[in-house]
Amino acid sequence: MMEEINPYAAPQAKILLDDTHAVHMRRTFLRTERHLKAFGLLVMMLSLVAIIAKVMRARVLSEEFGMMIIPWPQIMISSLMGVIGVGLYLVKRWAGLLAMVLGFLMILISISQLPSGLITIAFQTGALVFLGSVRVRCVLSPDYQSVILRTPMIKSPPAKWIVPVVVVIVLLMLVPAVLFGMR
């Protein structure tokens, strides 16, 4: 006699969740994830430096010419860069997409400000190449986000190159902005 199969019954087989594929995939892209986190820290640092420089420039103009001009559009764009940096550090897809859009717009704006916009064009072009690479797109994909959630035991600190870069940024950009702002 055949047994009746109840289609609404709970499954009888034990399902084992095997995360070996997720661990392997995470280890494969761990270096890219670290570089993305370091790039996010770099974007956050540049955002902070840009906001401080804009405020200091407004302060100098206020003292020298007696007019207070606060560059709100530039401060808002720099703040948006800071939010993007946080999103990149947290390896979020929306941050990668927003960084690419903002990077493209910054290149277009910098073209109208040549030759002083060359540094921005070079940085944004490098950022777009990095964010558009196959490995970074894979790390920012929804599938990889689920891999990150399934492998919390794997830690990914930012790449080591971020420390000397931050020191150079502070020395070359922040210190002169503060010194000229304090005169």
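Residues numbered from 1 in each chain as written. Predicted model: local features only at pLDDT ≥ 70, side-chain atom pairs only at ≥ 80, totals over all residues. Heavy atoms only, no water.

A. Structural detail: the overall build of the protein chain. Check the secondary structure of the protein chain and you find 8 helices and 0 strands. The secondary structure elements of the protein chain, listed N-terminal to C-terminal, are α-α-α-α-α-α-α-α. Put simply, the protein chain has 183 residues, and 34% of those count as buried. Taking contacts inside the protein chain between residues at least 6 apart in sequence as the whole, the part at least 24 apart equals 77%. Surface summary for the protein chain: the accessible area is close to 12,300 Å², and the carbon and sulfur share equals 72%. (Helix = DSSP H or I, 4+ residues; strand = E, 2+ residues; numbered from the N terminus. Buried < 20%, exposed > 50% of the residue type's maximum accessible area, 1.4 Å probe, protein only. Contact = heavy atoms within 4.5 Å. Areas by Shrake-Rupley, 256 points an atom, 1.4 Å probe, with all protein chains shown as cover.)

B. Representation of the packing of aromatic side chains within the structure. On inspection of all chains with the given rule, the structure shows 3 aromatic pairs. On the numbers, 5.9 Å between centres and 80° between planes, the contact of phenylalanine 29 with tyrosine 144 is edge-to-face. Residue phenylalanine 29 is located in the loop between α1 (20-28) and α2 (30-65), and its partner tyrosine 144 is located in helix α7 (residues 142-150); the two are separated by 115 residues in the primary sequence. With a relative accessible area of 13%, phenylalanine 29 lands in the buried category. (Phe/Tyr/Trp six-rings, centres within 6.5 Å; stacked < 30°, edge-to-face > 60°.)

C. Region of the structure containing helix α4 (residues 93-111). Spanning 19 residues, α4 covers 28 Å between terminal C-alpha atoms, matching the ideal 27 Å at 1.5 Å per step. Against α3 (72-89) and α5 (118-131) lie the buried residues of α4. (Expected span 1.5 Å × (residues − 1).)

D. Representation of the packing of α2 against α5. Relative to each other, α2 and α5 sit at 150°, their axes nearing to 12 Å. Taken together, the axes of α2 and α5 lie roughly antiparallel to each other. In the packing of α2 onto α5, the handedness of the crossing is left-handed. Here His35, Leu36, Phe39, Leu42 and Leu46 of α2 come into contact with α5, specifically with Phe123, Ala127, Phe130 and Leu131. Of the residues belonging to the contact of α2 with α5, the class tally is 8 nonpolar, 1 polar and no charged. (Axes fitted to C-alpha atoms, helices over the stretch in contact; angles between N-to-C directions. Parallel < 35°, antiparallel > 145°, perpendicular 65-115°, else oblique. Left-handed = near helix turned anticlockwise from the far one by under 90°. Nonpolar A, V, L, I, M, F, W, Y, C, P; charged D, E, K, R; others polar.)

E. Expanded view of a nonpolar patch on the surface. On the surface, Val163, Val167, Val168, Leu171, Leu172, Met173, Val175 and Leu179 cluster together into a nonpolar patch covering about 750 Å² of accessible area. Structurally, valine 167 can be placed in helix α8 (residues 162-181). Note on valine 167: relative accessible area 45%, which makes it partly exposed. (Patch = residues over 30% accessible without salt bridge, like charges linked within 9 Å, V, L, I, M, F, W, Y side chains within 5 Å. Salt bridge = Lys/Arg side-chain N within 4 Å of Asp/Glu carboxyl O.)

F. Looking closely at unusual backbone geometry. With an omega of 0°, the peptide bond running from leucine 114 to proline 115 counts as cis. In this structure, proline 115 sits in the loop between α4 and α5. A positive phi is found at valine 91, a non-glycine position, where the angle reads about 55°. If you trace the backbone, valine 91 turns up in the loop between α3 and α4.

G. How the structure looks around the environment of glycine 126. Secondary-structure assignment places glycine 126 in helix α5. Accessibility expressed as a relative area gives 38% for glycine 126, which makes it partly exposed. As for glycine 126 and glycine 103, which are separated by 23 residues in sequence, their C-alpha atoms are 9.6 Å apart.

H. Layout of the side chain of arginine 26. Its location among the elements puts arginine 26 in helix α1. Polar side-chain contacts of arginine 26 include one of 3.3 Å to the backbone oxygen of isoleucine 154. The contact partners of arginine 26, leaving out residues within four places of it in the chain, are Glu33, Tyr144, Val147, Ile148, Thr151, Ile154 and Ser156. (Polar contact = N/O pair within 3.5 Å; in protein donor to acceptor, adjacent residues only side chain to side chain.)

Everything listed is a geometric property; what it means functionally is a separate question.
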